[in-house]
Amino acid sequence: MSTNTITNASLDHIAGRAAAAARPFADLEPRVRAQALVDLADALDRSAADLIATAIRETGLGEVRLHGEVRRTSNQLRLFAEVIVEGAYLDARIDVADPDYVIGPRPDVRRVLQPVGPVLVFAASNFPFAFSVAGGDTASALAAGCPVIVKASPGHPELSAQTAQIVIDSLAESGIPDGAFQVVSGQDLGVALLRDDRIRAGSFTGSTRVGRMLAEIAATRDIPIPFFGELGSVNPAYASRGAITNEPELISSFLTSVAGSAGQLCTKPGFLFVPVGIELGDVAAQLGLPGEHRLLNPAIGSGFAGRREQVLSVPGITVHLEGSVREDDHGERFATPTVIEVTTEQLDAHEALLEESFGPLSIIVRYRDAAELAPLHRRLFPGNLTSTLHATDAELESGEWSALVTELAATSGRVLFSGWPTGVSVTRAMQHGGPFPATTTDSTSVGTAAIGRFLRAVAYQSAPASVLPMPLRDDNPWNVPQRRSAAGLSSQWGSLGGRY
């Protein structure tokens, strides 16, 4: 890994290697790229024990959590390999020439998605595997055929170097072009690369402040580029009177979601709305979790300690769990969950309560009537990764929650009915993104749709077969799905590799 010292030569070397690899990497047969991802997944699994030992030491996260995260990381690589082989992600469309087309003669036009080029990935600290060096952004960009430069998180430098070497060695053994994957460290070098014209897209997971700064740099370059930043999210959850009555474990499962990984999850429910007059019982007794948990690093620990003090200083709140933050001799902080209760009026009156608390802190909000929630949500929570509604089937069928459901869909990337948003599945249908300020660009960083961030469409008109990309040729050597509009025929999807 490089250091934070920047020279024109080092910057040019890093960006130049990625740019030189772009075309050869994009031209690889899909099965070669897919097999490389499977081989990398296998290599990560083989090294899991050593990687996890390093991660525990650097992050303070637990072994069980990290084992699951390694599995998630390797499995998403395998899932993207399936996507590559299937080929539907290329969205190959062919309109053959038709002199009798209804609105005038139509030329032969063929459209396909192609890799954007080198991608700069800013790794996250809270998921040292799934959102770091070999995480989802890296996997989806490599799957798209884009060279990747990872700016490593300062929260786990040794793990980043260890993982990077595994990736580099595995891709080399799979025949992937040199320069298709690199890792650097240091914010200054990361910013310098983001400004370099050879970088064609960027991704980020982290704080709102840093994410907005990087998004501004990407947007104001001489040649602006797409930038996919995942920022803050408070993930409000709502519970109806029927849900509280019929789900006896609702509060304890809410607390488990808040406290898991010390609340350092981007989908942690920051608010739970419950009706006035409903008894919640002894909240502290329902936590049922171990004691204090180390926060990821001193910076996050310091930020959480200050945020907790800010929330607890709001006048008139009810404290269910005061929690604690303890600092050791090395500057590391250890926290226990904090849960307070406020009214909707208090929440509306104190803007400080609305900010994300990145750590084990959440706020219970008492509301009077379901009708007040939709306008309140629209005003206070304009953009989130998730929103959750706990209600009975009868309550949902009555229509009294319809306005809120509409607002949740308008302001959230994922709307849950029962359950809790922590624990994001890596699937084909998953959406992990949302309207600003949850993300800078409303897309997804989890699931197979994430590959679309690093592709751009190109149409070829009246092009000779010899210059057409493989997915657009009539003989279809890559055997990808082609959507063809033949003369006099309506558009239809062919079978895999089929043509009309």
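Residues numbered from 1 in each chain as written. Predicted model: local features only at pLDDT ≥ 70, side-chain atom pairs only at ≥ 80, totals over all residues. Heavy atoms only, no water.

### Describing empty space enclosed by the protein
Evaluated as defined, the whole model comprises three cavities of 30 Å³ or more. Approximately 90 Å³ is the volume found for the largest cavity. Lining the largest cavity are 16 residues; nearest its centre among them are Val-234, Lys-268, Gly-270, Glu-356 and Ser-357. Residue composition of the lining of the largest cavity, by class: seven nonpolar, five polar and four charged. One number sums up the size of the second largest cavity: a volume of about 70 Å³. (1 Å grid on protein atoms, 1.4 Å probe; cavity = no way out; pocket = protein on both sides within 12 Å on 5 of 7 lines; lining within 4 Å. Points joined across faces, edges and corners; volume = space filled by probe spheres on them. Nonpolar A, V, L, I, M, F, W, Y, C, P; charged D, E, K, R; others polar.)

### A few points about the environment of Val-325
Assignment of secondary structure puts Val-325 in strand β12 (residues 324–327). With relative accessibility at 24%, the residue Val-325 sits in the partly exposed group. Residues Val-325 and Asp-197, 128 residues apart in the sequence, show an inter-C-alpha distance of 44 Å. Setting aside its immediate chain neighbours within four residues, Val-325 contacts Phe-304, Ala-305, Arg-308, Arg-333, Phe-334 and Ala-335. (Helix = DSSP H or I, 4+ residues; strand = E, 2+ residues; numbered from the N terminus. Buried < 20%, exposed > 50% of the residue type's maximum accessible area, 1.4 Å probe, protein only. Contact = heavy atoms within 4.5 Å.)

### Quick look at the layout of surface pockets
By rolling a water-sized probe across the atoms, one finds the places where empty space is left. Considering only enclosed or pocket space, the largest pocket measures out at about 1,100 Å³ in volume. Taken together, 36 residues form the lining of the largest pocket, with Ser-125, Gly-206, Ser-207, Val-210 and Ile-300 sitting closest to its centre. For the lining of the largest pocket, the secondary structure elements donating two or more residues are α7 (187–195), β6 (201–205), α8 (208–220) and α12 (298–312). Taken together, the residues that form the lining of the largest pocket break down as 16 nonpolar, 15 polar and five charged. The computed volume of the second largest pocket comes to approximately 320 Å³. Around the second largest pocket, the lining is made up of 14 residues, and of these Val-234, Leu-354, Glu-355, Glu-356 and Pro-437 lie nearest the centre. Looking at side-chain class alone, the lining of the second largest pocket contains six nonpolar, five polar and three charged residues.

### Regarding the side chain of Ser-74
With respect to the helices and strands, Ser-74 occurs in helix α4 (residues 63–86). Using a relative accessible area of 2% as the deciding quantity, one classes Ser-74 as buried. At 2.9 Å, the side chain of Ser-74 forms a polar contact with the side chain of Asp-45. Separated by 3.2 Å, the side chain of Ser-74 and the backbone oxygen of Arg-71 make a polar contact. In this view, Ser-74 contacts Ala-41 and Asp-45; residues no more than four positions away in its chain are not counted. (Polar contact = N/O pair within 3.5 Å; in protein donor to acceptor, adjacent residues only side chain to side chain.)

### Concerning unusual backbone geometry
Here the amide bond leading from Phe-436 into Pro-437 is cis, since omega sits at 10°, within 30 degrees of zero. Positive phi, close to 70°, is recorded for Ser-418, a residue that is not glycine. Along the chain, Ser-418 turns up in the loop between β17 (412–417) and β18 (455–461). Residue Ser-418 is classed as partly exposed on the basis of its relative accessible area of 31%.

### Details of the packing of helix α3 (residues 48–59) against α4
At a minimum axis distance of 10 Å, the contact between α3 and α4 shows a crossing angle of 130°. Viewed along their axes, α3 and α4 adopt a mutual orientation that is oblique. Between α3 and α4 lies a crossing of right-handed hand. Listed contacts from α4 to Ala-48, Ile-52, Ala-55 and Ile-56 of α3 are Glu-63, Leu-66, His-67 and Val-70. Across the contact of α3 with α4, the residue classes tally to six nonpolar, one polar and one charged. (Axes fitted to C-alpha atoms, helices over the stretch in contact; angles between N-to-C directions. Parallel < 35°, antiparallel > 145°, perpendicular 65-115°, else oblique. Left-handed = near helix turned anticlockwise from the far one by under 90°.)

### What to know about the sheet that holds strand β10 (residues 293–294)
The three strands are arranged β10-β13-β12 in an open sheet whose pairing can be described as antiparallel. Of all the strands in the sheet, just β10 and β12 have a single pairing partner and so form its edges. Relative to the sheet, α12 contacts β12 and β13 (333–336), its axis offset from that of β13 by approximately 45°. (Pairing = 2+ DSSP bridges.)

### Observations regarding the pairing of strand β5 (residues 181–184)
By the alternation rule, side chains of β5 split into Phe-181 and Val-183 and Gln-182 and Val-184, which are all buried. Where strand β4 (residues 148–151) and β5 come together, four bridges link them in parallel fashion. Pairing of Val-150 across the sheet is with Val-183, part of β5. After leaving β4, the chain enters helix α6 (residues 157–173) and then returns to the sheet as β5, a path that is right-handed. (Right-handed = clockwise from strand over helix to strand, strands pointing away.)

### Topic: the sheet that holds strand β7 (residues 227–230)
Across a sheet, paired strands are connected by hydrogen bonds in the backbone, their directions being either parallel or antiparallel. The strand order across the open sheet built from five strands is β5-β4-β3-β6-β7, with neighbouring strands paired in parallel fashion. Each edge of the open sheet carries a strand with a single partner, namely β5 and β7. Here the strands of the sheet are splayed against their neighbours by 15° on average, with no regard to which way each runs.

### With respect to a nonpolar patch on the surface
Residues Tyr-101, Val-102 and Ile-103 make up a contiguous nonpolar surface patch of about 360 Å² in total accessible area. Its relative accessible area of 73% is what places Val-102 among the exposed residues. (Patch = residues over 30% accessible without salt bridge, like charges linked within 9 Å, V, L, I, M, F, W, Y side chains within 5 Å. Areas by Shrake-Rupley, 256 points an atom, 1.4 Å probe, with all protein chains shown as cover. Salt bridge = Lys/Arg side-chain N within 4 Å of Asp/Glu carboxyl O.)

### Description of the packing of aromatic side chains
All chains considered together, the criterion is met by eight aromatic pairs. Note on Phe-254 and Trp-420: the rings are 5.6 Å apart at their centroids and 45° apart in plane angle, and the pair reads as tilted. Linking Phe-254 in helix α10 (residues 250–259) with Trp-420 in the loop between β17 and β18, this pair joins segments that are 166 residues apart in sequence. The class for Phe-254 is buried, based on a relative accessible area of 0%. (Phe/Tyr/Trp six-rings, centres within 6.5 Å; stacked < 30°, edge-to-face > 60°.)

### Some remarks on the pattern of salt bridges
Tallying each qualifying case throughout the model produces 24 salt bridges. Salt-bridge contacts for Asp-108 lead to Arg-110; the nearest nitrogen and oxygen are separated by 2.8 Å. Overall, Arg-110 belongs to the buried group, its relative accessible area being 6%. The residue Arg-368 makes a salt bridge to Glu-372 at a minimum N-O spacing of 3.9 Å. Among the residues examined, Glu-372 registers a relative accessible area of 21% and is labelled partly exposed. Overlapping salt bridges, with partners in common, bring together Asp-108, Arg-110, Asp-474 and Arg-484 in one network.

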